[in-house]
Structure formats: structure tokens, C-alpha cells
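# Breakdown of the fold
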Amino acid sequence: MNTLQSISSKPEPSLRHEVHQPMMIRFFAYLFSILFHPLFIPLYAVYYLAFLHPDYFNGITEREKTWVILRVGVNIVFFPLISVFLLKGIGFIDSIFLKTQKERIIPYVISNIFFFWMYLVFRNQSEIPSILTSFVFSVFLSSSVAVLANVYFKISMHAIGAGGLLGLMVVILYNNASSPITLPFALTLLITGIVCTSRMIVSNHTQRDIYLGLLCGIVCQLVGAAFIL
């Protein structure tokens, strides 16, 4: 039995969070799930590095910073997102929300291609801060791990994204301890908790799916930083 058959033959787990939350709580859980979708996390990270952190993009003009964000938006957000809509349009997947492990295979692979391409582009541009190259490479790593993990269980993409953002803050804290990181780090911890809790409320992920996704995002950022920084 090949991998695709193995995945498709596994019964998809039913909703495992039987405690029904009030409608208002579910609304905000859905809202945070959308705002902090894993595809949007790199945009937030790049915006923070380019426009909020005082050190990494020194000497780079506002126009050049905006151009960097646009490139990330096109390659890491737009192309993977439009690929999902195209896959839905031609019938390769049943839902753009990728509710099953089988539906996630092709979008994962397509996204990985764009993530790796973005890493190659930044790696070969000396004006791009190494922290950004490291972050994008780590996004590629975490997506690759997610492809493998998806064979065995439905790892949480939201938790991977939140873990990646938290991992970036840990890397910044370790490599640039003098930078004003306390408030951004605390805010990232809060966002991570909210996102993971939201997925517990409005998805059929188990605690294992979310905890391992969070761990994957953090560890891959540390691994990427160890190789590049």
C-alpha cells in the first residue's frame, strides 16, 4: 500500500473537543484563526524585522523595505493561497480549509517550493539581513517536517506558524540580547497561546497535533538559525 492510499484509508478523526463553547468565544476563535493563519505569519515577522526592530534593516530605505515585504507576500502568501483555490477549482481537494490529511499533501508540496525559492532569493542578496534569510529557511524546514508528519497525524499548521513566530523571537533574544525585545516577546507569547487555544476550540485537532506543531515551529527556527546566523 502506498503512502497516499495509507493516508486516505485512515478514518478522519471526528471532533474531539466535546465541550461546546459559547458562540462569542467560537467567533473570536475563528477570528484569531484567520488573522494568524500560518500563511500570514511570515508577513507579520518581516514587517516586525523591517519596520519595528531598530537594528536589522538599518541603512535600507523605506521603499526597499516595502519591496521586501511585497516579495514575501507574493511568494509565501499569494502563490500558495491561489494554488489552494486552483486545486479546489479543478477538484483535487474538497475544501479550501484542508480538513483532511490527504487534502494537505499537494498544498504542502506546492508551498514548500515557493518557500525554498524565497530562501534562495534572499540568500543570494547581500543586502537582506541574515535573520530574515534564516527565518524563511526555517519556514521551509517546518513545512518539510509538516509534510512528513502529515503521513501519520494531522499536525496543526496554525501551531507551526505560531511556533515559528515565537522561535524567531527566541533567536532574536539569543543573538541580539541588547535589543528591546521584552514587549514583542511577551506579545508573541500571548498570540501563541491564543492561536493554539483557538484551534482547540474550533478545529478537530488533538492536543498532540497542536503541541507537536508548536514544537516543530520553534525547533525549526532554532535549527535554521544555527545553520545560517
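See the structure above.
Report on the accompanying structure. Source: prediction; values computed, not measured.

This paragraph deals with the packing of helix H8 (residues 182-202) against helix H9 (residues 207-228). Interhelical geometry of H8 versus H9 gives an angle of 155° and a closest axis separation of 10 Å. Looking at the two axes, H8 sits roughly antiparallel to H9. Between H8 and H9 lies a crossing whose hand is right-handed. Contacts between H8 and H9 involve Thr192, Cys196, Arg199 and Met200 from the first element and Gln207, Ile210 and Leu214 from the second.

Here the focus is the environment of Phe28. Tracing the backbone through its elements, the reader meets Phe28 in helix H2 (residues 23-35). Taking the C-alpha atoms as reference, Phe28 lies 7.9 Å from Ser198; in sequence the two are 170 residues apart.

Phi is positive for Leu98, which is not a glycine, with a value near 50°. Tracing the backbone shows Leu98 in the loop between helix H4 (62-89) and helix H5 (101-123). Here Leu98 falls in the buried class, since its relative accessible area comes to 7%.

Within this structure, the stated rule accounts for 10 aromatic pairs. On the numbers, 5.8 Å between centres and 45° between planes, the contact of Phe116 with Tyr119 is tilted. With Phe116 and Tyr119 both in helix H5 and three residues apart, this pair spans about one turn of that helix. Classification of Phe116 by relative accessible area gives partly exposed; the value is 33%. For Tyr119, a relative accessible area of 10% puts it in the buried group. Through pairs of rings, three or more aromatic residues link up here, namely Phe116, Tyr119, Phe137 and Phe140.

Glancing now at the pattern of salt bridges. According to the stated counting rule, one finds one salt bridge in the structure shown. With a closest N to O distance of 3.6 Å, Lys65 and Glu62 form a salt bridge. Here Lys65 pairs with Glu62, and both are found in helix H4, just three residues apart, close to one helical turn.

On to the packing of helix H3 (residues 41-52) against helix H7 (residues 157-175), then. One way to put it is that H3 packs onto H7 with a least axis distance of 9 Å and a crossing angle of 20°. One finds that H3 runs roughly parallel with respect to H7. Relative to H7, H3 is oriented so that their crossing is right-handed. On the side of H3, the interface is formed by Ile41, Ala45, Tyr48 and Leu49, while H7 contributes Gly161, Leu165, Leu168, Met169 and Ile172. Looking at side-chain class alone, the contact of H3 with H7 contains eight nonpolar, one polar and no charged residues.

The next thing to look at is the state of the cysteines. Two cysteines form a disulfide when their sulfur atoms are joined by a covalent bond. Taken as a whole and assessed by the stated rule, the structure comprises zero disulfides. Between Cys196, a cysteine without a disulfide, and Cys216, which holds the nearest cysteine sulfur, the sulfur-to-sulfur distance is 12 Å. No disulfide involves Cys216; its sulfur sits 4.1 Å from that of Cys220, the nearest cysteine.

What follows covers helix H6 (residues 130-149). Under the 1.5 Å per step criterion, the end-to-end length of H6 is 28 Å for 20 residues, consistent within 8% with the ideal 28 Å. Taken across its 20 residues, H6 has 15 buried, putting it largely inside the fold.

Bringing the nonpolar core into the picture now. If you look at the biggest cluster of nonpolar residues, it comprises 52 residues, and the most contacted ones within it are Leu49, Phe57, Phe122, Leu132, Val136, Ile155 and Ile172. Looking at this core, the elements that each hand over two or more residues are H3, H4, H5, H6, H7, H8 and H9. Each residue touching Leu49, except ones within four places of it in the same chain, is listed here: Tyr56, Phe57, Ile131, Leu132, Leu168 and Ile172. Within the second largest apolar cluster, five residues are counted, among which are Ala159, Cys196, Met200 and Leu214.

This brings us to the environment of Ser138. Relative to the assigned elements, Ser138 resides in helix H6. Sequence spacing of Ser138 and Ile191 is 53 residues, and the spatial spacing of their C-alpha atoms is 20 Å.

Reading the values: rules and limits
Residues numbered from 1 in each chain as written. Predicted model: local features only at pLDDT ≥ 70, side-chain atom pairs only at ≥ 80, totals over all residues. Heavy atoms only, no water. Axes fitted to C-alpha atoms, helices over the stretch in contact; angles between N-to-C directions. Helix = DSSP H or I, 4+ residues; strand = E, 2+ residues; numbered from the N terminus. Parallel < 35°, antiparallel > 145°, perpendicular 65-115°, else oblique. Left-handed = near helix turned anticlockwise from the far one by under 90°. Contact = heavy atoms within 4.5 Å. Buried < 20%, exposed > 50% of the residue type's maximum accessible area, 1.4 Å probe, protein only. Phe/Tyr/Trp six-rings, centres within 6.5 Å; stacked < 30°, edge-to-face > 60°. Salt bridge = Lys/Arg side-chain N within 4 Å of Asp/Glu carboxyl O. Nonpolar A, V, L, I, M, F, W, Y, C, P; charged D, E, K, R; others polar. Disulfide = S-S within 2.5 Å. Expected span 1.5 Å × (residues − 1). Core = buried A, V, L, I, M, F, W, Y, C linked by side-chain atoms within 4.5 Å.

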